Amino acid sequence: MKKLLAITLVLIMMLSLVACGGGGSDEEKDRLAQIKERGYIELATEPYFPPCEFIDPTKEGDEMYVGADIELAKYIADKIGVELKIVPLEFSAVLVGTLDGKYDMAISAIAYSKERAENYNVSDGYWFSEGDELDGTGFIMRAEDAGKYESIEDLKDAVVILQSGSLQESIFNEQVSEYKELKYMASATDCYLAVSEGMADVAIGEKGSATLYADANGGLVVSKFAFETDPMQDAIVVLAEKEGTDSLMAVINECIAELLVDDTIDGWFEEYRAYARSLGLE
């Protein structure tokens, strides 16, 4: 009987600890509560994609990171009532770190995809392609090759380069089966530079950003061709860890809705396109 009573008491204590731990665990998992308690929100971004995010070399600290996405992140931080801390990373590290919950949110010109919606907590779209010639995913090539690569079939004899972990990689893998060679780089600008230097014939990239790079650096042109994609892929979104971020994402979506009412975000994109050009940045 004593042994039975001891076992029973141990079981009761274990159940009590689990119950207490469960309550604390739920609280710990609420990312918005954590952010408010610590007094800052941590943003993961790749700061090499104007006009969304880029570096102003005349500034220091977090002030050097500018762009439409940075303005959105500041707005979200202000809405919550905390400071914004910016963590600059390669794009693949932005995605992995946010997936693992290492960072509170990722804002980095991230296009919507079904795979991301399955693996992350995904916001409403805050910027949408307008369907003009500069929108979508296309080819970036050297100026002397203008017109040479204007269809998927034209890539069969080309050395192609793309950004690892990007939406462009996913689009390419889904739609292109023939090419001479495929290479990867950590950033879109590295891909464009590789084409410029003859390391590849064609880069696969977002046409608007590629056009800014070509205008600033010369020697490159952007195709008229654009891949056919799901209309939802024209939306740029904010990502957060899948679990424990519903309350945070509700605030993010509230911010997006407020900013879309008066086209504030579109205004930021125009402002930072001009800003990037004034700095001579790609």
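What counts, and where the lines are drawn
Residues numbered from 1 in each chain as written. Predicted model: local features only at pLDDT ≥ 70, side-chain atom pairs only at ≥ 80, totals over all residues. Heavy atoms only, no water. Helix = DSSP H or I, 4+ residues; strand = E, 2+ residues; numbered from the N terminus. Buried < 20%, exposed > 50% of the residue type's maximum accessible area, 1.4 Å probe, protein only. Contact = heavy atoms within 4.5 Å. Areas by Shrake-Rupley, 256 points an atom, 1.4 Å probe, with all protein chains shown as cover. Pairing = 2+ DSSP bridges. Axes fitted to C-alpha atoms, helices over the stretch in contact; angles between N-to-C directions. Lys, Arg positive; Asp, Glu negative; His and termini not counted. Salt bridge = Lys/Arg side-chain N within 4 Å of Asp/Glu carboxyl O. Parallel < 35°, antiparallel > 145°, perpendicular 65-115°, else oblique. Nonpolar A, V, L, I, M, F, W, Y, C, P; charged D, E, K, R; others polar. Core = buried A, V, L, I, M, F, W, Y, C linked by side-chain atoms within 4.5 Å.

A. Representation of the overall build of the chain. Counting its regular elements, the chain contains 10 helices and 13 strands. For the chain, with 282 residues in total, the buried portion stands at 45%. Taking the contacts inside the chain whose residues are at least 6 apart along the sequence as the reference set, 72% of them involve residues at least 24 apart. As displayed, the chain has an accessible area near 14,000 Å², and 53% of this comes from carbon and sulfur atoms.

B. Focus on the sheet that holds strand β11 (residues 202-206). A sheet is described by the order of its strands in space; here 5 strands give the open sequence β10-β9-β11-β8-β12, paired in mixed fashion. The open sheet has two edge strands, β10 (181-185) and β12 (220-222), and neither has a second partner. When the angles between neighbouring strand axes are averaged without regard to direction, this sheet yields 30°. Here strand β8 (residues 137-142) pairs with β11 via 5 bridges, running antiparallel. Looking at β11, one finds that I140 is bridged to A203.

C. Structural detail: the side chain of E46. For E46, the position within the fold is in the loop between β1 (40-45) and β2 (54-55). Although E46 is buried, it makes no salt bridge; R116 carries the closest opposite charge, 10 Å away.

D. Here's a closer look at the packing of helix α3 (residues 68-80) against helix α10 (residues 264-278). Across the interface, α3 lies against α10 with an axial gap of 8 Å and an inter-helix angle of 135°. One element, α3, and the other, α10, form an angle in the oblique class. Residue-level inspection shows A68, E71, L72 and Y75 of α3 in contact with α10, the latter providing W268, F269 and Y272. Taken together, the residues of the contact of α3 with α10 sort by class into 6 nonpolar, no polar and 1 charged.

E. Looking closely at the packing of helix α2 (residues 31-38) against helix α9 (residues 246-261). Remark: α2 packs on α9, axes separated minimally by 6 Å, with the N-to-C direction vectors making an angle of 80°. Relative to α9, α2 is oriented roughly perpendicular. In contact with R31, L32 and I35 of α2, α9 contributes S247, L248 and V251. Across the contact of α2 with α9, the residue classes tally to 4 nonpolar, 1 polar and 1 charged.

F. Expanded view of the pairing of β11. Burial runs high along β11: 4 of the 5 residues are buried. By the bridge criterion, 3 bridges tie strand β9 (residues 159-163) to β11 in an arrangement that is parallel. Counted as the bridge partner of L162 is I204 from β11.

G. Molecular detail of the pairing of β8. Of all 6 residues making up β8, 6 are buried, and the element is well covered by its neighbours. Strand direction decides the pairing type here: β8 and β12, joined by 3 bridges, are antiparallel. Its bridge partner being in β12, I140 is matched across the sheet by V222.

H. How the structure looks around the nonpolar core. Residues I41 and M105 are the most contacted members of the largest nonpolar core, which totals 54 residues. Beyond its immediate stretch of four places on either side in the chain, M105 contacts I41, E42, L43, A44, A73, I76, L84, T98, V238, L239 and I252. In terms of nonpolar packing, the next biggest core, distinct from the first, is built from 16 residues, L155, L162, I171 and I204 among them.

Note that all results are geometric; they support no functional claim without further evidence.
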